[in-house]
Amino acid sequence: MGTMPEGSSSPRTLADALRTRDDEELAALLRARPDLLNPVPNDVTQLATRAGTRASVVRALERLDRFALQTAEALAVAPDPAPYKTLLALLSGDEGDPDVEAALPRALGVLRGQALVWGGDDRLRLVRTVRELLAPSPTRPSPTGLGPTVAESTSGMSPGRLQDILSAAGLSTTHDPVSAVASLTSLFTDRRRMGALLDTAPSEALTVLDRLVWGPPYGEVTANPAPPVQWLRDHGMLLPASPRTVVLPREVALHLRGGRAHRVPEPVPPAVGPAASASLTQGRPQVVDSTAAGQAFTALSTVEDLLQDWHEGGPAVMRSGGLSVRDLKRAAAALDTGEQMAAFWIELAYAAGLLAADGEANERYAPTPAYDEWLTLPPAERWALLASAWLTATRTSGLIGGQDAKGRSLSALGPDLDRSAAAEVRRRVLDLLAVLPAGTAPDPETVLARLRWERPLRGGTGADANAARSAADGSVDLRSRVAAWTLTEAETLGVTGRGALSAHGRALLGPSGPSGTGPDAARTPGPDASRTTGAGPDPVALAAAALAPLLPEPLDHVLLQADLTAVAPGPLERPLAETLAVLADVESKGGATVYRFTPGSVRRALDAGRSASDLHAFLATHSRTPVPQPLSYLIDDVARRHGHLRIGAASAYVRCDDDAMLDEILADKRSQGLRLRRLAPTVLAAQADPGALLDGLRSMGYAPAAESAEGDVLITRAHARRTPPRTPPAPVPDGPPVPDPTLLGAAVKAIRAGDLAATVERKPAPEPSPNGSLPRSSSAETLATVQAAAMTGSAIWIGYVNAEGSASQRVIAPVRVEGGFVTAYDHTADEVRTYPLHRITGVAELADDSA
């Protein structure tokens, strides 16, 4: 948008300015401020009114980059209206700034495009609500640190006091306060005369001015101020704001600042620079990709371990929702990681729809049916689904352990973890990483600086809503915190490697790559930005295809060792991994997983229905080394004793053909808690239930087996607990969604049609209504005018009252008149409609048929 988009003639109102825009410019406004579309405005006047409401303006200001915001702040302290040269002078100062001169047309175009500024270059105007938010007031200085003008500060001052100030400043006295204020203002805005006046000021007075010049411009004074302060008051450089407060007038501050409204204008966005260690990987993207692929594989293993640990039902849901601190610590211990990282993995599984609450009376967390489907996918596709869920999620695991606005602790899987800006920040951080050369890691501080430039108000420093949210988060800048968490989480998840964006991480951004790198990129959509629109390739599929060649192929073998361990030199095929997890315990993980065989693990496999011969055959088939004798002996020894004791339900009983063994059990002091007694030489009865009896004897070193009522050995298998089908948590949108082109086109047409009906010039109606709201004509005149319009194909203006009694005015082009009805194209509704003639209050011809 150029510097004079409104045309050469200045519009009188914002609505007039919007009417001069073409359809593409109106659609761009609605796309940038989608809240204006709910509901679709009736006409341009209503659109302009809605664009000036406080809530809509605050949201629009929050989405401005720093220089566009500085431009609006400068306009708020400029005269209203202000010419372009005045605005440029406020931003560049007396000495000028080439960067400001080059960037100002873009910033002004952004403000105009979002209907925050209107008017030609000779008469730039801020929307009234924007000026109210950004201009200084008696109780609040401007964001620029400037205070009120001389005219505003002297409002209500006695005429005599004004004349005293003129005399002290060496000016001629006047006959009225208006000319006195004008004379003083002229002095303060004259660089030469103002410089000469300050040369006569005491040095202590200049020190006072230095403390106030960049804001806040207010200071407290006593009843008898010090001589330097008194000198400034006498010469009008400090004016009274209250009985004990003085203010530095805006004109004086601008002189002292060299004409600049801001101490440091920032027309150019800070560049994202490489980290100090980036030279280690720069030019070697394959190192980054392989490192990220290793992290991606570890991420898959971690999520599987978490959900396998909760396979038979996870921890209970707290009454207030979420996971208890104790259960989070248990999960962290099971995953061998810290509590904060365990919370990240739990929230990631929840965001991907793999984990949810089961909804039972005693509610617990458990894997969902989608988890079983996820396990059947190739590893690269499983990772891509996880990464996509992370990228678009608004739940923010970094907040876990903190407190909400009411002082309540924020728990994993609990409420109040959604932050609508989280998805946008994650996407933007990856976009900034994608701008760097492949294999180059960014300096995190430059990333944070760029984000702060793109959204200076979203950190809670300017907008009311964000201030409340930042107080709840205990942080001045939530976006910076989310960005820092994003860099850490991306590395953990394998989106980045050694700090640099990987090839599959770039693919996750979609075929179009980054959503933007310049200042305008700050307005990219948030939660849905990681998905491409239209029929383009799915980023999930692109990321999976890029990662697949980097992941190791699953193995069908292990290496058995004589110390009763097995080493898996890489990822195992799923059937092998599942069987080995039952037969042995995981001792360590890393590049190679070490499993250890113990009597308990072998008994677990026998309980699951495997025989000793099955286990020997399994190990011989899947081991690249001979099966060690100690392992064969261990299996045979456990199998020989397995099931020698039988436990069933009496309360519970133990039967054994070897009565000497039963004697041994009765004599063992550790069996006293089971309260055993002999019923027969080969049978003992217990008052404990069968499960407790089974566990008790196993803890004593025996290998009992449970049996059914028919006397058969019961085969125990792991009971997989699943929730009912669950949908993943929906991201919380950051405001209204960005409308699609179809909706935008229809909305623009409706606004144009409504505006035509409201503003088109009409011939006077034969019988105008008393209030002039609707045309009035007799039935005969109405019929004759409608028939004539149908014959000539012209448009007419009608007043219409529907069946509910609601009156409206419309511009229609009649097509057919018959049977007491008129069928016409309704320009207001942008469709063909039929109207009963008796409900038309009257008609009037258009003075200029613009239909």
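Everything numeric here is computed off the predicted structure, so don't read it as measured data.

(A) Structural view of the sheet that holds strand 20 (residues 807-818). A sheet is described by the order of its strands in space; here five strands give the open sequence 22-21-20-19-23, paired in antiparallel fashion. Looking at the sheet topology across the chains shown, the edges are occupied by strand 22 (831-836) and strand 23 (840-845). Strand-to-strand twist of the sheet, defined as the mean angle between neighbouring strand axes without regard to direction, takes the value 45°. Strand direction decides the pairing type here: strand 19 (residues 796-801) and strand 20, joined by six bridges, are antiparallel. Its bridge partner lying in strand 20, valine 801 is registered against alanine 807. Packed on one face of the sheet, helix 34 (residues 779-792) meets strand 19, strand 20, strand 21 (821-826) and strand 23 and runs near 65° to strand 20.

(B) Here's a closer look at the pattern of salt bridges. Tallying each qualifying case throughout the model produces 33 salt bridges. For arginine 112, the salt bridge identified is with aspartate 121, shortest N-O distance 3.0 Å. The partner of arginine 427 in a salt bridge is aspartate 431, and the shortest N-O contact between them spans 3.5 Å. Of this pair, arginine 427 and aspartate 431 both sit in helix 21 (residues 422-435), separated by four residues, roughly a single helical turn. We classify arginine 427 as buried; its relative accessible area is 4%.

(C) Broad picture of the packing of aromatic side chains. Within this structure, the stated rule accounts for three aromatic pairs. Over the ring of tryptophan 374 we find arginine 382; its NZ or CZ atom is 5.3 Å from the centre of that ring.

(D) Main features of the packing of helix 17 (residues 325-335) against helix 18 (residues 339-351). Two elements in contact, helix 17 and helix 18, have axes whose closest approach is 9 Å; the angle formed by their N-to-C orientations is 90°. Overall, the two elements helix 17 and helix 18 adopt an arrangement that is roughly perpendicular. Of helix 18, the residues touching helix 17 (which contributes Leu328, Lys329, Ala331, Ala332 and Leu335) are Glu339, Ala342, Ala343, Trp345 and Ile346. Grouping the constituent residues of the contact of helix 17 with helix 18 by class yields eight nonpolar, no polar and two charged.

(E) Quick peek at the confidence of the model for the chain. For the chain, the average pLDDT comes to 84, and 88% of its residues sit at 70 or higher. Under a pLDDT of 50 for its full length, residues 1-8 has, in the predicted model, 19 contacts with residues more than four places off or in other chains. Low pLDDT (under 50) marks residues 460-476, which in the prediction has 30 contacts with non-local residues, meaning those over four places away or in another chain.

(F) Layout of the side chain of serine 480. Examined against the element boundaries, serine 480 turns out to sit in helix 24 (residues 478-493). Separated by 3.3 Å, the side chains of serine 480 and arginine 452 make a polar contact. With residues near it in sequence (within four places) discarded, serine 480 still touches Leu448 and Arg452.

(G) Structural detail: the pairing of strand 17 (residues 683-686). Taken together, the four bridges between strand 15 (residues 652-655) and strand 17 define a ladder with antiparallel strand orientation. Bridging from a neighbouring strand, tyrosine 653 pairs with alanine 685 of strand 17. When strand 16 (residues 676-680) meets strand 17, the two strands line up antiparallel, connected through four bridges. Bridge pairing links arginine 677 to alanine 685 in strand 17. Two successive antiparallel strands, strand 16 and strand 17, enclose a turn made up of two residues.

Cut-offs and rules
Residues numbered from 1 in each chain as written. Predicted model: local features only at pLDDT ≥ 70, side-chain atom pairs only at ≥ 80, totals over all residues. Heavy atoms only, no water. Pairing = 2+ DSSP bridges. Helix = DSSP H or I, 4+ residues; strand = E, 2+ residues; numbered from the N terminus. Axes fitted to C-alpha atoms, helices over the stretch in contact; angles between N-to-C directions. Contact = heavy atoms within 4.5 Å. Salt bridge = Lys/Arg side-chain N within 4 Å of Asp/Glu carboxyl O. Buried < 20%, exposed > 50% of the residue type's maximum accessible area, 1.4 Å probe, protein only. Phe/Tyr/Trp six-rings, centres within 6.5 Å; stacked < 30°, edge-to-face > 60°. Lys NZ or Arg CZ within 6 Å of the ring centre and 35° of its normal. Parallel < 35°, antiparallel > 145°, perpendicular 65-115°, else oblique. Nonpolar A, V, L, I, M, F, W, Y, C, P; charged D, E, K, R; others polar. pLDDT = per-residue confidence, 0-100. Polar contact = N/O pair within 3.5 Å; in protein donor to acceptor, adjacent residues only side chain to side chain.

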